[in-house]
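# Inside the fold
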Amino acid sequence: MSKHEIRSPLPGTFYRSSAPDVPPFKSDGDAVASNEAIGLIEVMKTFQEIQAGVTGSIRFLVDNEEPVMAGQVIAEVEL
């Protein structure tokens, strides 16, 4: 099977949910559709939604609230 890498479009902090008291958008092993949100990147109190981009099963490579760099792979989707 092939894998699709989801990369951070900009540097910031990666969040897997929209708020601390809300469940994550997706968890490891969940099915995702191409237009589904998988997380948010925060840069200076501005949030950018990250979408899967493809359909498949997701595996996260970074933890919630982890700093990320632009271009860093944050998750993989098994197609």
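Attention in this report is confined to the structure presented alongside it. (Residues numbered from 1 in each chain as written. Predicted model: local features only at pLDDT ≥ 70, side-chain atom pairs only at ≥ 80, totals over all residues. Heavy atoms only, no water.)

### Here's the deal with the sheet that holds strand E1 (residues 3-7)
- The strand order E1-E8-E6-E3 describes an open sheet built from 4 strands, whose pairing is antiparallel. Looking along the sheet, the strands with just one partner apiece sit at the ends: E1 and strand E3 (31-32).
- Sheet analysis places E3 next to strand E6 (residues 56-60), joined by 2 bridges and oriented antiparallel. Across the sheet, the residue bridging to Val32 is Gly56, located in E6. (Pairing = 2+ DSSP bridges. Helix = DSSP H or I, 4+ residues; strand = E, 2+ residues; numbered from the N terminus.)

### Focus on the pairing of strand E8 (residues 73-78)
- A large share of E8 lies buried, amounting to 5 of its 6 residues.
- Alignment of E1 against E8, held across 5 bridges, turns out to be antiparallel. Bridge pairing links Ile6 to Ala75 in E8.
- One ladder, built from 4 bridges, connects E6 with E8; its direction is antiparallel. Directly across from Arg59, in E8, lies its bridge partner Glu76. (Buried < 20%, exposed > 50% of the residue type's maximum accessible area, 1.4 Å probe, protein only.)

### Examining the environment of Ile74
- Along the chain, the position of Ile74 falls in strand E8.
- Judged by relative accessible area, Ile74 falls into the buried class, the value being 0%.
- Once the C-alpha coordinates of Ile74 and Met1 are considered, the two residues, 73 residues apart in sequence, prove to be 19 Å apart.
- Residues in contact with Ile74, not counting those within four places in the same chain, are Ile6, Arg7, Ser8, Phe14, Ile38, Ile50, Phe60, Leu61, Val62 and Val68. (Contact = heavy atoms within 4.5 Å.)

### Thoughts on the nonpolar core
- Ile6, Phe14, Ile38, Ile58 and Ile74 are the most contacted members of the largest nonpolar core, which totals 15 residues.
- Within the residue set of this core, elements represented by two or more residues are strand E4 (37-43), E6 and E8.
- For this core, the element with the most residues is E8, which contributes 3 residues. (Core = buried A, V, L, I, M, F, W, Y, C linked by side-chain atoms within 4.5 Å.)

### A closer look at the layout of surface pockets
- Of the voids in this model, the largest pocket is the one considered here, and its volume is about 160 Å³.
- Lining the largest pocket are 13 residues, and of these Tyr15, Ser17, Ser18, Ala19 and Pro20 lie nearest its centre.
- Split by residue class, the lining of the largest pocket holds 8 nonpolar, 3 polar and 2 charged. (1 Å grid on protein atoms, 1.4 Å probe; cavity = no way out; pocket = protein on both sides within 12 Å on 5 of 7 lines; lining within 4 Å. Points joined across faces, edges and corners; volume = space filled by probe spheres on them. Nonpolar A, V, L, I, M, F, W, Y, C, P; charged D, E, K, R; others polar.)

The values reported here are purely geometric and, on their own, carry no functional implication.
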